[in-house]
Structures are given as C-alpha cells and as structure tokens.
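Take a look at the letters that make up each chain.
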Amino acid sequence: MIAERERMFFSGVMCDPTDTGLKAGYSRPDVGVDNASGWAGVADFISERSVIDGTAFYTNFNTGHGVQYFKNGKVSADKEWTNINIQDILPSWQWWMESTDGTKLSADFDYGSKLVSNDSFGNKKTMPYTQVGAYDGGSSLVVYGNLTGNDSLHLYKTDLEVKDTTKVDVTFKKTSSDNAQMKLGLIFKDNAAQTVKLDIANSQTKGEWTTSQIDLSAYAGRQIAAITLEFEGTAANYQMNVGGLKISDNTYKPAAPTGFTVDYAYDDGQMIVSWDLPKNNYGNVVQYNLYGTLSDGRRVYLGGTYDSILYVKSMFDEAKVVKLELCAVGKDGTESEPAKATYSYEDKVSNITVEEAKTPSGLLVRAANPGKLEVSFDAPATGAPDGYEFEVQGSRTGNERGVRRSSCKSAGSCRQY
C-alpha cells in the first residue's frame, strides 16, 4: 500500500507519466485512497531523470529488503532482512504500461511465497500472481494479467553507450503455459520515436530461471536512451518474472579484496569483519558481498555494503566452523574472486552470563552481590586452555570505571572484585 501510494505521488494517480493532471473523483480503495482528484503527480511538472550512464548497468530488481534472500534463484537466507546498502537502481517508471488494445498487463515486485500481504483494512490479501521470489536479492519484477494485444512496459531512462562488445543478459522465469513472448525494447537517442525490439531466447517457454544473452554489436556507437520490455501474443493469466537485467561490455570484473579479517565475533552469532577500501574505487566496485559456508555445507549470504566494514547480525546458529568469502562487485554485477577467512567457534568460550538482580525500584539491574561481578561461561568444545581471562569495560572512562581484567584457572566461572 505504501509503495503504491508512493508511485501515485510521483507518476500521478494513474501511475502513468503520460496521463497526469487532476482526475475528478478518482479513488483507490485498495490502498485506502478515497479521493485523489486533487493530486496531479510530480511527473506533471518535471520529466524523469536518471543516473544510469556509461557502458554498463545491471539490476536484479532488489528493493533492499525481503522475507528471504535468494542467490541464483535458490533461497540462501530463509529469514526476513533489510539492507538499503544493496538496493538496486529501481525502475524509473512504476508502472508505465502501454497496450495496443487498452487492456494492460500489471507489474509489481515479487518477494516470494513467504510474504503475506494485507489490504488497507488489515485483511489477508490473495496476490494476483504466483509468488516466485527473487533470482538474486529479495525481490524480482513480476508482469502478470491477461495479454490480448501488444504491451510495452517502460522500465528505465538511461544514457548508455553501446560498444561492439556490448551484450545484454536477461534472467527470467515464466510460470504461465502459453505462447506469448517477451522481447527487449531499446530506444536510442538518435531516433527516440522508435523502439527497437530484440528477441529474448526461450521467453515463450514455461520453466525455471533462465538467462538469455543478446548481442548489441550491430548498434555500436549509439546511445540507449530508454529500456522497455515488450510482451506479444495472446494469453490468459500470463506471468513472467524478471530476476536480472545486465548491459555490459564485459570489462568490469574487479580484483579480489585485500586485508580481509574478522575483527570481532560473538557466540550469539554476531560478527564484525573488515577489509581494505582502495581510494577512488567506486567506479570499479559498487559493493562488497559476504558469504559464509557453514559446517553443514550450506552457503549463505551474510550481507553487503560499499564500505570497509560490515556488521553481521546472525551466523545461522553455527557452533563449529564457518568459512567466509568476501567478493567485490563490479559495475555490471560481476563478482570478483573471493578473499577468504575461517572462523572457529569450537575453541572459544561461549554462553557468558553475569549474575544480576533488580534494583529496589525494579527498573534497572545490577550485580547480584554488590561489589562483585560474578561471571559464568561454557568451556571451549575443543582444546585445553591453561586458564581464562575476562575484561570489563566501564561505560565511562577514568581510573575507577576503566578497563578491569581478571583471570581464573577453572572452567565455568570467574569473579571480579
């Protein structure tokens, strides 16, 4: 509901930048809008703008959050997440659909079957399409509905240079059984009135995630001003999920990161890792992705950012050993060879507990025995340490509230006086 209202804010209540202005009596009860007749839309005043230029662009239609994280069409992390750092550049128009017969397909972001959506009254809503999920990230683009003519979905405003080595990769999954096909539409700056439609191999076939490549060498020297998806044929309940769109001259694979290390790791699964961040690096690297291979063989996505440090919230209850891989991501989405590190939980202390009691007010807690800090813990699963040392860092600095250390020989408990 929030996303749909946002689209109405920018594109007008019709969500069509060519049909803006005041719409008397217009309502959208499905998103709690009774009367939007007084809102013309931002598109009524200014034209769209874009940061997509140069010779490469990619998107997985990842909105930066989800109820699962997918990698290559498979669930990598089966939990809800949010990370605005890895949000892709989303479509310039949401959703501008044109049709030759007036019956338009619909478009949305598909987060997968674990997403439960409610209407504006809090009632569970049945989605009008089969929930597939993402190819990479948390969401894909889904196009669905009854196709009775030729439909055009305007996606991105761009300024991309085509070289003789430029190719387009389209990753998609068709779930409907029909003969309708999807084509890639390109609008060039030197002929903005024409949409060049290019075949996408296997787009008529129902199946699993598929990547088809299109050679653009015939258009070398021209500038792509806009990208569309074209849908042709006749189909009832048509559905196509698009999980990736990449335009590249294949020169963007970055070098592997250096200086990769685990700075902090906690027995509850939290971890902080860091690496070197070269100066003036953003032209070659757009983000870093961290993966972990757990002791049961699962390879999971742990997070991503463009920075030199990353906080990991959970290590999926790993209690033995995790093998970490950090990859740099190029401007066209190509990942580098990984930098590697291994972290073992088996030779570390775990389940550290401090004996606490409530204060007389019951609002705060303090040491169970005033003047003493009693700590218990589980010994490492492997190894035989000579003893244990724990460190207490006060919330304020100074001689009395600085760092204090204590040691003990036996496993299980220590006391700080």
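I will try to describe carefully the structure that is included in this document. Bear in mind the structure is a predicted one, so any value in this text is a computation, not a measurement.

## Observations regarding the layout of surface pockets
Part 1 of the argument: The volume enclosed by the second largest pocket comes to roughly 720 Å³.
Part 2 of the argument: Residue lining of the second largest pocket: 33 residues in total, with Asp267, Lys348, Val349, Ser350 and Ile352 positioned closest to the centre.
Part 3 of the argument: Elements with a contribution of two residues or more to the lining of the second largest pocket: strand S19 (261-265), strand S26 (350-354), strand S29 (373-378) and strand S30 (388-393).
Part 4 of the argument: Residue contributions to the lining of the second largest pocket peak at five residues, all from S30.

## Some points on the nonpolar core
Part 1 of the argument: Residues Leu141, Met182 and Phe231 are the most contacted members of the largest nonpolar core, which totals 41 residues.
Part 2 of the argument: Secondary-structure elements contributing two or more residues to this core are strand S8 (106-110), strand S11 (140-147), strand S12 (151-161), strand S13 (167-174), strand S14 (181-188), strand S15 (196-199), strand S17 (223-232) and strand S18 (235-248).
Part 3 of the argument: Apart from residues no more than four positions distant in its own chain, Phe231 is found in contact with Leu105, Val143, Leu147, Gly149, Asn150, Asp151, Leu153, Gln181, Met182, Tyr238 and Met240.

## A few points about the pattern of salt bridges
Part 1 of the argument: If you walk through the whole model with that rule in mind, you get 22 salt bridges.
Part 2 of the argument: Where Lys183 meets Glu232, a salt bridge forms, and the shortest distance between an N and an O atom there is 3.4 Å. Of this pair, Lys183 sits in strand S14 while Glu232 is found in strand S17, placing the two residues 49 residues apart along the sequence.
Part 3 of the argument: Judged by relative accessible area, Lys183 falls into the buried class, the value being 14%.
Part 4 of the argument: Between Asp190 and Arg222 there is a salt bridge; the shortest N-O distance is 2.7 Å.

## Considering the packing of aromatic side chains
Part 1 of the argument: A full pass over the atoms with the stated rule returns 18 aromatic pairs.
Part 2 of the argument: Between Phe188 and Tyr219, the aromatic rings sit 5.3 Å apart at their centres with planes inclined by 20°, giving stacked as the arrangement. Pair noted here: Phe188 is in strand S14 and Tyr219 is in the loop between strand S16 (210-215) and S17, with a separation of 31 residues, a long-range link. Taken as a pair, Phe188 and Tyr219 share a single burial class, namely buried.

## Section: the sheet that holds strand S20 (residues 271-274)
Part 1 of the argument: Sheet architecture is open: three strands sit in the order S19-S20-S23, paired in antiparallel fashion. Each end of this open sheet is capped by a strand with a single partner; those strands are S19 and strand S23 (309-312). Across the sheet, the axes of successive neighbouring strands diverge by a mean angle of 20°, strand direction being ignored.
Part 2 of the argument: Pairing analysis gives four bridges linking S20 to S23, with the strands arranged antiparallel. Across the sheet, residue Met271 finds its bridge partner in S23, namely Val312.

Cut-offs and rules
- Residues numbered from 1 in each chain as written.
- Predicted model: local features only at pLDDT ≥ 70, side-chain atom pairs only at ≥ 80, totals over all residues.
- Heavy atoms only, no water.
- 1 Å grid on protein atoms, 1.4 Å probe; cavity = no way out; pocket = protein on both sides within 12 Å on 5 of 7 lines; lining within 4 Å.
- Points joined across faces, edges and corners; volume = space filled by probe spheres on them.
- Helix = DSSP H or I, 4+ residues; strand = E, 2+ residues; numbered from the N terminus.
- Core = buried A, V, L, I, M, F, W, Y, C linked by side-chain atoms within 4.5 Å.
- Buried < 20%, exposed > 50% of the residue type's maximum accessible area, 1.4 Å probe, protein only.
- Contact = heavy atoms within 4.5 Å.
- Salt bridge = Lys/Arg side-chain N within 4 Å of Asp/Glu carboxyl O.
- Phe/Tyr/Trp six-rings, centres within 6.5 Å; stacked < 30°, edge-to-face > 60°.
- Pairing = 2+ DSSP bridges.
- Axes fitted to C-alpha atoms, helices over the stretch in contact; angles between N-to-C directions.

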